Amino acid sequence: MRRDLTTTLLGAATLLTLLVAVGLGLSAPLDINQGSLVRLMFVHVPSAWLSYLAYGGTGLFGLLYLIRRERRWDRLAMSSAEIGVLFTVVTIVGGMLWAKPTWGTYWVWDARLTTTALSLVVYGAYLLIRTMIDDPERRARVSAVVGLVGTLYVPVNYMAVEWWRGVHQTQTLKLLGKVRFDAAPVYGWVLLVATVAFTLLYVYLLRVRAILAAREDARDELDVPTEVSTLGVARG
């Protein structure tokens, strides 16, 4: 009961914050050069942040599993990876819609775009590996290692625009050295609210998916004795 209430309250807070972010984004002034296209930033940047957060969570939960050997950490790692893949796709689609009118094409093999696409390969492989290993403990161990290695994507992708200069703009928010926000201050407040909203969305989706994963595990554990019993009757 308490779990359902917490999930409901978290979902309500997430929805409210998302609505506020949408309202601020639609009411934000148009950019001098890009016009209304600037509003894509309020989805594109928070989506990229959420994918970073999710992939970092996959590595962290995987590490906690290796230390504690508790299945709940493996379920959280898997759930976080699924969310990361989903919002990486959202990031790529949003970026393509932004790129066409500004770059003249939907896609270029820029360092930032290429590493983002590669993350789908890495975490797609992570999810695929999970379907190929039947033993839960071995599956969790292997997945944890892959998830930990995969977190290297986050700093590499963030720094790609600095290490390999291409057509993609540099970071909107520079965190290394002197912190700097490279956009109009009014957009900064909208981005802040949108980022908070997407962070709450991540926590909400993670909680819901982990609850579903726990139920799936419980159902699978109940099915094993039934199968053994059935085999025993058949042999008898």
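About the criteria used
- Residues numbered from 1 in each chain as written.
- Predicted model: local features only at pLDDT ≥ 70, side-chain atom pairs only at ≥ 80, totals over all residues.
- Heavy atoms only, no water.
- Axes fitted to C-alpha atoms, helices over the stretch in contact; angles between N-to-C directions.
- Helix = DSSP H or I, 4+ residues; strand = E, 2+ residues; numbered from the N terminus.
- Parallel < 35°, antiparallel > 145°, perpendicular 65-115°, else oblique.
- Left-handed = near helix turned anticlockwise from the far one by under 90°.
- Contact = heavy atoms within 4.5 Å.
- Nonpolar A, V, L, I, M, F, W, Y, C, P; charged D, E, K, R; others polar.
- Buried < 20%, exposed > 50% of the residue type's maximum accessible area, 1.4 Å probe, protein only.
- Patch = residues over 30% accessible without salt bridge, like charges linked within 9 Å, V, L, I, M, F, W, Y side chains within 5 Å.
- Areas by Shrake-Rupley, 256 points an atom, 1.4 Å probe, with all protein chains shown as cover.
- Salt bridge = Lys/Arg side-chain N within 4 Å of Asp/Glu carboxyl O.

A. Up close: the packing of helix α4 (residues 111-132) against helix α6 (residues 153-163). Interhelical geometry of α4 versus α6 gives an angle of 160° and a closest axis separation of 8 Å. In terms of their interaxial angle, α4 and α6 are classed as roughly antiparallel. Seen from above, α4 lies across α6 with left-handed handedness. Facing A111, R112, T115, T116 and S119 of α4, the residues of α6 in contact are Y153, V156, N157, Y158, A160 and V161. Grouping the constituent residues of the contact of α4 with α6 by class yields six nonpolar, four polar and one charged.

B. Up close: the packing of helix α2 (residues 41-68) against α4. Between α2 and α4, whose axes approach to 13 Å, the crossing angle comes to 40°. Classified by the angle between their axes, α2 and α4 sit oblique to one another. For α2 against α4, the interelement crossing comes out left-handed. Counting all contacts with α2, which are made through Y52, Y55 and T58, the residues of α4 involved are R112, S119, Y123 and Y126. Of the residues contributing to the contact of α2 with α4, the split by class is four nonpolar, two polar and one charged.

C. Geometry of unusual backbone geometry. The phi angle at R69 is positive, at roughly 60°, despite the residue not being glycine. Among the secondary structure elements, R69 is positioned in the loop between α2 and α3 (71-103). Classification of R69 as partly exposed rests on a relative accessible area of 45%.

D. Inspection of a nonpolar patch on the surface at higher detail. A contiguous nonpolar surface patch, about 350 Å² in accessible area, is contributed by V89, V93, L97 and Y106. With respect to the helices, strands and loops of the structure, V89 is situated in helix α3. Take V89: its relative accessible area is 38%, and that puts it in the partly exposed class.

Keep in mind these numbers describe shape, not what the thing actually does.
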